[in-house]
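Now for the letters of each chain:
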Amino acid sequence: HAERLTRILIDAEIAEVLVRVRRLAAGDRGALPTTRPRFSDLAPGHLRYAAASEAVALGVLAPLERDTFQPGRAVSGAEAVGAVDRLSRLLDGGP
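It should be emphasised that the depicted structure is a prediction, and the values quoted were computed from it without experimental measurement.

Cut-offs applied
- Residues numbered from 1 in each chain as written.
- Predicted model: local features only at pLDDT ≥ 70, side-chain atom pairs only at ≥ 80, totals over all residues.
- Heavy atoms only, no water.
- Salt bridge = Lys/Arg side-chain N within 4 Å of Asp/Glu carboxyl O.
- Helix = DSSP H or I, 4+ residues; strand = E, 2+ residues; numbered from the N terminus.
- Buried < 20%, exposed > 50% of the residue type's maximum accessible area, 1.4 Å probe, protein only.
- Polar contact = N/O pair within 3.5 Å; in protein donor to acceptor, adjacent residues only side chain to side chain.
- Contact = heavy atoms within 4.5 Å.
- Axes fitted to C-alpha atoms, helices over the stretch in contact; angles between N-to-C directions.
- Parallel < 35°, antiparallel > 145°, perpendicular 65-115°, else oblique.
- Left-handed = near helix turned anticlockwise from the far one by under 90°.
- Nonpolar A, V, L, I, M, F, W, Y, C, P; charged D, E, K, R; others polar.
- Expected span 1.5 Å × (residues − 1).

Chemist: I keep staring at the pattern of salt bridges and nothing clicks. Help me out?
Modeler: Proximity of charged atoms lets side chains of opposite charge pair with each other. Taken as a whole and judged by the stated rule, the model has seven salt bridges. Among the salt bridges present, the one from Arg 89 reaches Asp 85, with a minimum N-O distance of 3.0 Å. Placement of the pair is Arg 89 and Asp 85 together in helix 3 (residues 77–91), with a separation of four residues, close to one helical turn. By relative accessible area, Asp 85 is classed as partly exposed at 40%.

This is the structure in C-alpha cells:
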C-alpha cells in the first residue's frame, strides 16, 4: 500500500537538505560560492542563513520578491522537484 507524505517542507529545510546533499556528493571538487546573496528577511547571523544563501548562490533555489527568502514559506511539490533537478544538473557539471 502507498503512504502519503503529509509533512510540508519549508524553504529553510529544503535549502539545508539540498546543500548537505551537494556537499556530500561533490566532496573536494565542490567549491563553496565566494559571494553570498543578502535577504531582506534573513540576516547573516540567522541559523538558516548559511544554507539559504549557499543554495541561492549556487542557483539551486531562487530568491523571492524584494530579495526575500521567506524561510517559513511552504514549498510546493513542483518547486521541490525543480530544486532537486537543478542540484542534479549542478552535480553532473551542467548549467
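Chemist: Could you clarify how one ought to interpret the side chain of Glu 54 in this entry?
Modeler: Inspection of the secondary structure assignment puts Glu 54 in helix 2 (residues 49–57). Judged by its relative accessible area of 0%, Glu 54 falls in the buried class. Here Arg 23 takes part through its side chain, which lies 2.3 Å from a polar atom of the side chain of Glu 54. Contacts of Glu 54, omitting those with residues within four sequence positions, involve Val 19, Arg 22, Arg 23, Leu 32, Pro 33 and Arg 36.

Chemist: Would you mind going over the packing of helix 1 (residues 11–26) against helix 3 with me for this structure?
Modeler: A pair of packed helices can be characterised by two numbers: the angle between their axes and the separation between those axes. Contact pair helix 1 / helix 3: the axes reach a minimum separation of 11 Å and the direction vectors enclose 20°. As the angle between them shows, helix 1 and helix 3 are arranged roughly parallel. The two elements helix 1 and helix 3 meet at a crossing, and its hand is right-handed. Note on element contacts: helix 3 touches helix 1 through Ala 80, Ala 83, Val 84, Leu 87, Leu 90 and Leu 91, opposite Ile 14, Leu 18, Val 21, Arg 22, Ala 25 and Ala 26. Of the residues belonging to the contact of helix 1 with helix 3, the class tally is 11 nonpolar, no polar and one charged.

Chemist: Sorry, what's going on with unusual backbone geometry here?
Modeler: Most peptide bonds are trans, and most residues other than glycine sit at a negative phi. One non-glycine residue, Arg 66, lies in positive phi territory at about 55°. Looking at where Arg 66 falls in the secondary structure, it is placed in the loop between helix 2 and helix 3. Its identity is not glycine, yet Gln 70 carries a phi of approximately 55°, on the positive side. Within the secondary structure layout, Gln 70 lies in the loop between helix 2 and helix 3.

Chemist: Which parts of the structure should I look at to understand helix 1?
Modeler: A turn of α-helix holds 3.6 residues, and therefore any two residues three or four places apart point the same way. Helix length check: helix 1 (16 residues) gives 22 Å between terminal C-alpha atoms against 22 Å at 1.5 Å per residue, within 8%. Taken together, the buried positions of helix 1 are occupied by Asp 11, Ala 12, Glu 13, Ile 14, Ala 15, Leu 18, Val 19, Arg 22 and Ala 26. Tucked into the core, helix 1 has its buried residues touching helix 2 and helix 3. Of the residues one or two after helix 1, Gly 27 is the one with positive phi, at around 55°.

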